[in-house]
Amino acid sequence: MDWRSKILTTTCLAALMLLTACSVSYKFNGASIDYSKTKTIQIAEFPIRSNYVWGPMGPLFNNELRDHFMAHTRLTQVKRNGDLKIEGEITQYQQRNKSVSAEGYSAQTELSMTVNVRFTNNANHSEDFERTFTANQSYETTRSLNEVQEELVTQMCKDICDQIFNATVANW
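Residues numbered from 1 in each chain as written. Predicted model: local features only at pLDDT ≥ 70, side-chain atom pairs only at ≥ 80, totals over all residues. Heavy atoms only, no water.

## Brief notes about the overall build of the chain
Next, step 1: Looking only at helices and strands, the chain features three helices and five strands.
Next, step 2: The N-to-C order of helical and strand elements in the chain reads α-β-α-β-β-β-β-α.
Next, step 3: Relative to its 172 residues, the chain shows a buried fraction of 34%.
Next, step 4: Of the contacts made within the chain by residues no fewer than 6 positions apart, 70% connect residues no fewer than 24 positions apart.
Next, step 5: Total accessible area on the chain stands at roughly 10,900 Å², and carbon and sulfur atoms take up 51% of it. (Helix = DSSP H or I, 4+ residues; strand = E, 2+ residues; numbered from the N terminus. Buried < 20%, exposed > 50% of the residue type's maximum accessible area, 1.4 Å probe, protein only. Contact = heavy atoms within 4.5 Å. Areas by Shrake-Rupley, 256 points an atom, 1.4 Å probe, with all protein chains shown as cover.)

And the structure:
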């Protein structure tokens, strides 16, 4: 074996060892949290302050918001004195006609939900805000609201929780 073969063999073995010894891990959850400074989050109950109410909407939203942060961050949820604090209320839940058929009747109805959020970052108060988030879902008027309400409210809760997550910890 000549010296070129030895160098090539040594280089290949070194590269192979380097590749098997190293691993790269990427997380695409969207969170940009400095876990050395931010370890806890406090998520308050969001009461319903809307004139029009669907009973299960409050618990559905509150559970989805907590679950979203639990699933996408390593933050510990606490009852008080969190490094991050999210509080607010469900301010609006309404339906309205979205489109009209050729006969002049409503063809689609749009359901909307609005949530007011107050966010406090105790590690960096320049990121504090109060903002409203809204989600909409449409359904064919041939179906009753009772048929579609749970599915649509569940989707709107997920949409709003995504918006809150992006505004608070994803910095989007």
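We are not done yet, so read on.
## With respect to the side chain of glutamine 42
Next, step 1: One can find glutamine 42 in strand β1 (residues 40-43).
Next, step 2: For glutamine 42, the side chain forms a polar contact with the main-chain nitrogen of asparagine 81, separated by 3.1 Å.
Next, step 3: Dropping the residues within four chain positions of it, glutamine 42 is found in contact with Val78, Lys79, Arg80, Asn81, Gly82, Leu84, Lys85 and Ile86. (Polar contact = N/O pair within 3.5 Å; in protein donor to acceptor, adjacent residues only side chain to side chain.)

## Observations concerning the pairing of strand β4 (residues 106-121)
Next, step 1: Among the 16 residues of β4, twelve are classified as buried, and the element is accordingly described as predominantly covered.
Next, step 2: By the bridge criterion, twelve bridges tie β4 to strand β5 (residues 129-140) in an arrangement that is antiparallel. Bridging from a neighbouring strand, glutamine 108 pairs with glutamate 140 of β5. (Pairing = 2+ DSSP bridges.)

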